[in-house]
Amino acid sequence: MKENTHYDASDIQVLEGLEAVRKRPGMYIGTTDVKGLHHLVWEIVDNSIDEALAGYCNNIEIIINKDNSITVKDDGRGIPVDIHPKTKISTVETVYTVLHAGGKFGGGGYKVSGGLHGVGASVVNALSSWLEVKVYKNGKIHFMRFENGGHPVNHLEIIGDCEENRTGTVVTFKPDPNIFDTDIYDYNILMLRIRELAFLNKGLRLTLRDDRDEEDTTGETFIYEGGISEYVKFINQGKTPIHKDIIHLEGEEDGVFFEVALQYNTGYKENIYSFVNNINTHDGGTHEDGVKRALTRLINNYARKSNILKEKDESLTGEDVKEGLTMIVSCKHPNPQFEGQTKGRLGNSEVRKLADNVFSSGFEKFLLENPNEAKQIVEKSMLACRARNAAKKAREITRKSDLATTNLGWGKLSDCKSKDPKVSEIFIVEGDSAGGSAKKGRDSMTQAILPLRGKILNVEKNRLDRALGNEEIRSIITAFGTGIGEEFNLGKLRYDKIIIMTDADVDGSHIRVLLLTLFYRFFRPIVEAGHVYAAQPPLFKIMHGKTRKYVLTEEEKEEYLNTLPDNVRQRAEITRMKGLGEMDADELNITTMDIEKRILRRITVDDCVMADQIFSTLMGEEVEPRRKFIEENAKFVENLDI
Ligand code: 1YM
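All figures in this text were calculated on a predicted structure; none of them were measured in a lab.

### Some thoughts on the overall build of the protein
Thinking step 1. Summing up its helical and strand segments, the protein has 20 helices and 24 strands in all.
Thinking step 2. Along the three orthogonal principal directions, the C-alpha set of the protein runs to about 90 × 85 × 45 Å.
Thinking step 3. Out of the 642 residues belonging to the protein, those deemed buried represent 52%.
Thinking step 4. In the protein, once contacts between residues fewer than 6 apart in sequence are set aside, the share between residues at least 24 apart is 69%.
Thinking step 5. Surface exposure of the protein reaches about 30,700 Å², of which carbon and sulfur atoms provide 50%.
Thinking step 6. Of the side-chain charges in the protein, 87 are positive and 101 negative, and the distance between the mean point of each set is 6 Å.

This is the structure we're talking about:
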């Protein structure tokens, strides 16, 4: 054993490695914002998950401690405690100090059971103010602590005894506030991913506890014996399924494990998510392609054989057969090749065949054994096909009536003078009178106004062809310039900010939800790229002597009134602002539109699954889940103004 205080050349080399991580953290964890902060947790949890995939770990616990440090516990074998032959220090210390090759964006992507274990652990250590590891093994508790970005305070030492058969690893770390923009962990971000990991690894128990929250004593436990089937069931809550049982198929070849779970619902949207080694493959890849290819082929074959699709009919496309489909595809691969700009696509060609084979045999059996459901699925695909053709025609009309050529009687848009999308913004305003004030109060150089006269169509209950028949929706498409459906192009968006400006009442919220449903369903990349905002018109005007103050909330009003000097015996005059239409152009400008003074709320899609659920619950066909949702969430509504 080496002296604790004595460092030799190899130690220095190790510390230089960790120093490199601190100098350029982005190279290793992508960013140093909230995302990077949470990434640290996944690097450690990944090691526990790998241990579970190897078959040695059943329970993982994640705790947000009071001081915003994180503890991850598992009941696996425990990181080896013996001296590593190459580094001559304990394996624990090696795993936590030696940078491994290919550490960039470490992710879990490079490893599946027996692969490159512990790749990210040293990166987490390098970016932490302190980190402690405890290993339970051989009846002993082994302990080691690092400080200031990975400097060992001691070598691995035994600090006590434990039950002979107890094994596991416990890691606690505190992210270095000098590295990260924020050091506050977000329960919801952790919860969503932990829940997803539980769905993706059937039978694995994951618990999340927040010790900052006095009331959270037990934490939330996620364990799904049905794995991805339960994920599908979860996503389809509030939707109406076409067949009762979720189809779950799996197979393995040459160490590659593949599984898929799916269920059709009566809605019009697809919800397809694919994963490789628990990582979301946003851009799909061979595992997803294999299934989609087989699905399209099988439905067409079945439709022709059963004479639902006639000889003269054109074949159904991949788009058509995906309508109303909720599907999770998961592949565990020892050597995945990721492609594309963001490495979000699986490239391994052998997986396409495996996916096709596993899916074909199982799904064909389903179609033959369930003729009623099969017929419904085929008929639904045929309706989707018809709607797609109708939408194509309608789109052509929209395209012909682009802004430059004509206003076809619905040219309600008051465009801005600037043609530079980087500085331009569009306000979508409820009602003509507010539209009028907004037009007068705007900066006509960069701000465009689109007043909405009628209610926009609920696209949750209608296909694209119907949506294109709605005048309000058509003017939005034309104004955006992006096109819609198959020809959507984010690069053609004419505004940097799309600002929804509605009244702070129930009607206003309704219109806002309708617009968000439209954007989320048909213009999702615009939302994902952060272009959509909600304007925040003030709720109160406070006049006090000659000063005029606008505030957004009840609390802000109280706060402001408290700042007014007592000795001035003048009373403040408080007006509750009823609607946008009541403000004159000046007022609207100062409070809601002026780039310098206004407050906008950016709309983000943190979790597509959750957003999707809220939309289908609030806007879909099923009444009961909606009633439940409203009941459960009524307490969060601040200003219910009816
Ligand atoms: C809270 C974090 O790191 N668990 C963990 C890590 C390892 C093992 C078990 C493990 C792996 C192996 C053998 C093996 C790691 N081992 C290594 C390395 N939890 C956490 N649990 N025995 C135990 O892969 O053969 C790195 S991580 F490299 F030492 F094997």
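Still more ground to cover, so stick around.
### Let's talk about the pairing of strand β19 (residues 497-501)
Thinking step 1. Burial of β19 is extensive: four of the five residues sit out of reach of the surface.
Thinking step 2. Relative to β19, strand β17 (residues 425-430) runs parallel, the two sharing five bridges. Each residue of the ladder has a partner; that of Ile 426, found in β19, is Ile 498.

### Considering the packing of helix α14 (residues 471-480) against helix α15 (residues 506-522)
Thinking step 1. Where α14 contacts α15, the axes come no closer than 12 Å and their chain directions differ by 55 degrees. Judged by the inter-axis angle, α14 sits oblique to α15. Here α14 runs over α15; the crossing is right-handed. Counting all contacts with α14, which are made through Ile 473, Ile 476 and Phe 480, the residues of α15 involved are Leu 515, Leu 518 and Phe 519.
Thinking step 2. For the contact of α14 with α15, the class distribution of residues is six nonpolar, no polar and no charged.

### Considering the pairing of strand β8 (residues 205-210)
Thinking step 1. When you tally the buried positions in β8, you get five out of six residues, the bulk of the element.
Thinking step 2. Bridging between strand β1 (residues 59-64) and β8 involves six bridges; their strand directions are parallel. Directly across from Asn 59, in β8, lies its bridge partner Arg 205.
Thinking step 3. Of the pairings in the sheet, the one linking β8 to strand β9 (residues 220-222) comprises three bridges and is antiparallel in character. Each bridged residue has a counterpart across the sheet, and for Leu 208 the counterpart in β9 is Glu 220.

### Overview of the packing of helix α3 (residues 34-53) against helix α6 (residues 187-200)
Relative orientation and spacing of two packed helices are given, respectively, by the angle between their axes and the distance between those axes.
Thinking step 1. Closest axis-to-axis distance for the α3/α6 pair is 11 Å, and the angle between their directions is 30 degrees. With respect to their mutual orientation, α3 and α6 come out roughly parallel. Our pair here, α3 against α6, has a crossing hand that is right-handed. In contact with Val 34, His 38, Val 41, Trp 42, Val 45 and Ile 49 of α3, α6 contributes Ile 189, Leu 190, Arg 193, Ile 194 and Leu 197.
Thinking step 2. When grouped by side-chain class, the residues that make up the contact of α3 with α6 number nine nonpolar, one polar and one charged.

### Side note on the side chain of Thr 207
Thinking step 1. Mapped onto the elements, Thr 207 comes out in strand β8.
Thinking step 2. The class for Thr 207 is buried, based on a relative accessible area of 11%.
Thinking step 3. Not counting the four nearest positions on each side in its chain, Thr 207 is found in contact with Ile 60, Glu 61, Ile 62, Thr 218, Glu 220 and Thr 221.

### Details of the sheet that holds strand β23 (residues 573-576)
Thinking step 1. Taking strand neighbours across the sheet as the criterion, the three strands line up as β22-β21-β23 in an open arrangement whose pairing is antiparallel. Pairing within the sheet leaves two strands with one partner each, and these edge strands are β22 (547-551) and β23. Geometrically, the sheet is characterised by an average inter-axis angle of 20 degrees between neighbouring strands, direction not taken into account.
Thinking step 2. Relative to β22, strand β21 (residues 540-544) is paired through five bridges, and the arrangement is antiparallel. Considered in β22, the bridge of Lys 541 is made with Tyr 550.
Thinking step 3. Packed on one face of the sheet, helix α17 (residues 554-563) meets β21, β22 and β23 and runs near 10 degrees to β21.

### Details of the sheet that holds strand β12 (residues 271-276)
Sheets are built from strands paired through backbone hydrogen bonds, the pairs being either parallel or antiparallel.
Thinking step 1. If you trace the five strands from one edge of the open sheet to the other, you get β10-β11-β14-β12-β13, paired in mixed fashion. Either end of the sheet is taken by a strand with one partner, and the two such strands are β10 (247-253) and β13 (279-280).
Thinking step 2. The sheet contact formed by β10 and strand β11 (residues 256-264) spans seven bridges and is antiparallel. Bridge assignment links Glu 252 to a residue of β11, and that residue is Phe 257.
Thinking step 3. Taken strand by strand, helix α8 (residues 286-305) contacts β11, β12 and β14 (325-332), and its axis lies near 140 degrees from that of β12.

### Focus on the pattern of salt bridges
Oppositely charged side chains may form a pair once their charged atoms are brought near each other.
Thinking step 1. For the structure on display, the rule yields 36 salt bridges.
Thinking step 2. A salt bridge links Glu 51 to Arg 77; the shortest N-O distance between them is 2.7 Å. Here Glu 51, found in helix α3, pairs with Arg 77, found in the loop between β2 (70-74) and α4 (91-97); they are 26 residues apart in sequence, far enough to count as distant.
Thinking step 3. Under the relative-accessibility criterion, Glu 51 is labelled buried at 8%.
Thinking step 4. We classify Arg 77 as partly exposed; its relative accessible area is 37%.
Thinking step 5. Arg 627 is the partner of Glu 624 in a salt bridge, and the nearest nitrogen-oxygen pair spans 2.7 Å. Here Arg 627 and Glu 624 lie together in helix α20 (residues 624-633), a separation of three residues that amounts to about one turn.
Thinking step 6. Judged by its relative accessible area of 46%, Glu 624 falls in the partly exposed class.
Thinking step 7. Because the salt bridges share partners, they merge into one network encompassing Glu 61, Arg 209 and Asp 211.

### A short note on the nonpolar core
Thinking step 1. In this structure, Ile 62, Tyr 96 and Phe 173 are the most contacted members of the largest nonpolar core, which totals 61 residues.
Thinking step 2. With near-sequence residues (within four places) excluded, Ile 62 lies in contact with Val 41, Val 45, Ile 70, Thr 71, Val 72, Ile 194, Leu 206, Thr 207, Leu 208 and Arg 209.
Thinking step 3. Membership of the second largest hydrophobic core comes to 43 residues, among which are Ile 426, Phe 488, Leu 515 and Tyr 520.

Cut-off values and rules
Residues numbered from 1 in each chain as written. Predicted model: local features only at pLDDT ≥ 70, side-chain atom pairs only at ≥ 80, totals over all residues. Heavy atoms only, no water. Helix = DSSP H or I, 4+ residues; strand = E, 2+ residues; numbered from the N terminus. Buried < 20%, exposed > 50% of the residue type's maximum accessible area, 1.4 Å probe, protein only. Contact = heavy atoms within 4.5 Å. Areas by Shrake-Rupley, 256 points an atom, 1.4 Å probe, with all protein chains shown as cover. Lys, Arg positive; Asp, Glu negative; His and termini not counted. Charge placed at Lys NZ, Arg CZ, Asp CG, Glu CD. Pairing = 2+ DSSP bridges. Axes fitted to C-alpha atoms, helices over the stretch in contact; angles between N-to-C directions. Parallel < 35°, antiparallel > 145°, perpendicular 65-115°, else oblique. Left-handed = near helix turned anticlockwise from the far one by under 90°. Nonpolar A, V, L, I, M, F, W, Y, C, P; charged D, E, K, R; others polar. Salt bridge = Lys/Arg side-chain N within 4 Å of Asp/Glu carboxyl O. Core = buried A, V, L, I, M, F, W, Y, C linked by side-chain atoms within 4.5 Å.

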